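# Close look at the chain arrangement
What follows is each chain in one-letter form.
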Amino acid sequence: MFSASDVKALREKTGAGMMDCKKALQESAGNMDKAIDWLREKGISKAAKKESRIAAEGLSYVLVDGNKAAIIEVNSETDFVAKNAEFTGFVSTLTKTILEGNPKTVEEAKALSMNGSTVADSLVALIAKIGEKISFRRFEIIEKTDNQVFGVYNHQNLGKINVVTVLNGDNEEVAKDVAMHVAAMNPAYLKRDEVPEEVINHEKEVIKNQAIEEGKPADIAEKMVNGRINKYYKEVCLLEQTFIKDPDVNVETFAKNNNCEVVKMVRFEVGEGIEKRVDDFASEVMSQING
């Protein structure tokens, strides 16, 4: 019905284990395509069991082609898998696929063709092969004009923090320096008018209450808000932050001094906003002893 070489060929095509490949060929009466489908279905089953796990490690990756750049994040459960060649290859190929396919959403990206299959099916196959929960979390496509320049920074070349900046001007070194600053200082917004009104109102209320707690009268506390809210802007807005390489100027001034203007930033830090599971082994052991 099928030979050992068929099992070997199926294993090379899918990366599945030898016994799984043998079982797949048995279930599909030796038909290679049906065996691949059987393994894919089995992979879906395996992947479903991993959905409850937390994937907060992984990689961020950036690819630039002309006036377009793509930045993505793909998560894994462990940093060990994030360094796996299969995983890094998947992330690299996915970034290229996104840059070329120009999808608008993650769901659209998952439907793109990649390696003779879809991104979604390729992800399922990778999960089945590696044995960890892997999730394609997010991406962004950034475009610039011919009169603008990209700045790309990969912090310590680890793929954990990636930044893309867009500057009016033609100085790539300045754009990269700004990207490095963004990686280090993690500004929440580019400039003041990007900060949502509800965020500012909340911050003003906090500042006012802090002043009252310090013993200031309500009318004085109200006057103190404006001064302190300016300090808040300098903390969260990129253009107003003190430039990390030259504390005498802010980022906006640094760019202007080099005939540039910062118009966009995108920063991806792997796992940001994902609640990581913390195992309290001491409590677990004590509960077993007491139980």
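Right above here is the structure, for reference.
The following refers to the structure shown. (Residues numbered from 1 in each chain as written. Predicted model: local features only at pLDDT ≥ 70, side-chain atom pairs only at ≥ 80, totals over all residues. Heavy atoms only, no water.)

This part covers unusual backbone geometry. Its identity is not glycine, yet Ala-29 carries a phi of approximately 55 degrees, on the positive side. With respect to the helices, strands and loops of the structure, Ala-29 is situated in the loop between helix H2 (18-27) and helix H3 (32-49). (Helix = DSSP H or I, 4+ residues; strand = E, 2+ residues; numbered from the N terminus.)

A few words now on the environment of Asn-258. Looking at the element boundaries, Asn-258 is found in the loop between helix H11 (251-257) and strand E8 (261-269). For Asn-258, a relative accessible area of 29% corresponds to the partly exposed category. Distance in space between the C-alpha atoms of Asn-258 and Asn-171 is 7.8 Å, their sequence separation being 87 residues. (Buried < 20%, exposed > 50% of the residue type's maximum accessible area, 1.4 Å probe, protein only.)

Another aspect to go through is the packing of aromatic side chains. Under the definition given, this model contains three aromatic pairs. Centroid distance Tyr-232 to Tyr-233: 6.4 Å. Interplanar angle 50 degrees. Geometry classified as tilted. There is no split in this pair, since Tyr-232 and Tyr-233 are both buried. Ring geometry for Phe-243 versus Phe-254: centroids 4.0 Å apart, planes at 15 degrees, classification stacked. Of this pair, Phe-243 sits in the loop between helix H10 (218-236) and H11 while Phe-254 sits in helix H11, and the two are eleven residues apart along the sequence. Each member of the pair, Phe-243 together with Phe-254, is buried. Cation over ring: Arg-138 sits above Phe-268, and NZ or CZ is 4.0 Å from the ring centre. We note Lys-144 situated over the ring of Phe-150; from NZ or CZ to the ring centre the distance is 5.6 Å. (Phe/Tyr/Trp six-rings, centres within 6.5 Å; stacked < 30°, edge-to-face > 60°. Lys NZ or Arg CZ within 6 Å of the ring centre and 35° of its normal.)

Looking now at the sheet that holds strand E7 (residues 161-168). Consider a sheet: its strands pair through backbone hydrogen bonds, and that pairing is either parallel or antiparallel. Sheet architecture is open: three strands sit in the order E6-E7-E8, paired in antiparallel fashion. Each edge of the open sheet carries a strand with a single partner, namely strand E6 (148-154) and E8. Averaged over all pairs of adjacent strands, the angle between their axes in this sheet comes to 15 degrees, without regard to strand direction. Of the pairings in the sheet, the one linking E7 to E8 comprises eight bridges and is antiparallel in character. Note that in E8 the partner of Thr-165 across the bridge is Met-265. Here helix H8 (residues 172-185) sits on the sheet and contacts E6, E7 and E8; the angle it forms with E6, its principal contact strand, is near 45 degrees. (Pairing = 2+ DSSP bridges. Axes fitted to C-alpha atoms, helices over the stretch in contact; angles between N-to-C directions. Contact = heavy atoms within 4.5 Å.)

It is worth spelling out the sheet that holds strand E2 (residues 68-76) at this point. Spatial strand order, E1-E2-E5: three strands in an open sheet with antiparallel pairing. Only two strands of the sheet have a single neighbouring strand rather than two, namely strand E1 (57-65) and strand E5 (134-143). Across the sheet, the mean angle from the axis of one strand to that of its neighbour is 15 degrees, orientation sign disregarded. In terms of strand pairing, E1 meets E2 through nine bridges, oriented antiparallel. By the bridge assignment for E2, Glu-57 is matched with Ser-76.

On to the packing of helix H5 (residues 85-101) against helix H7 (residues 119-130), then. Axis separation between H5 and H7 bottoms out at 11 Å; the angle between their running directions is 175 degrees. Of the possible angle classes, the one that applies to H5 and H7 is roughly antiparallel. Touching Glu-86, Phe-87, Phe-90, Leu-94 and Thr-97 of H5 are Val-119, Ser-122, Leu-123, Leu-126, Lys-129 and Ile-130, all from H7. (Parallel < 35°, antiparallel > 145°, perpendicular 65-115°, else oblique.)

Turning our eyes to something else, we now look at the side chain of Asn-75. Mapped onto the secondary structure, Asn-75 falls in strand E2. Engagement of the side chain of Asn-75 in a polar contact is seen with the backbone oxygen of Glu-57, the distance being 3.0 Å. (Polar contact = N/O pair within 3.5 Å; in protein donor to acceptor, adjacent residues only side chain to side chain.)

Another aspect to go through is the environment of Asn-67. Here Asn-67 lies in the loop between E1 and E2. Sequence separation between Asn-67 and Asp-146 is 79 residues; the distance between their C-alpha atoms is 7.1 Å. Apart from residues lying up to four places away in sequence, Asn-67 is in contact with Ile-142, Glu-143, Lys-144, Thr-145, Asp-146 and Phe-150. Side-chain polar atoms of Asn-67 contact the side chain of Lys-144, separated by 2.7 Å.

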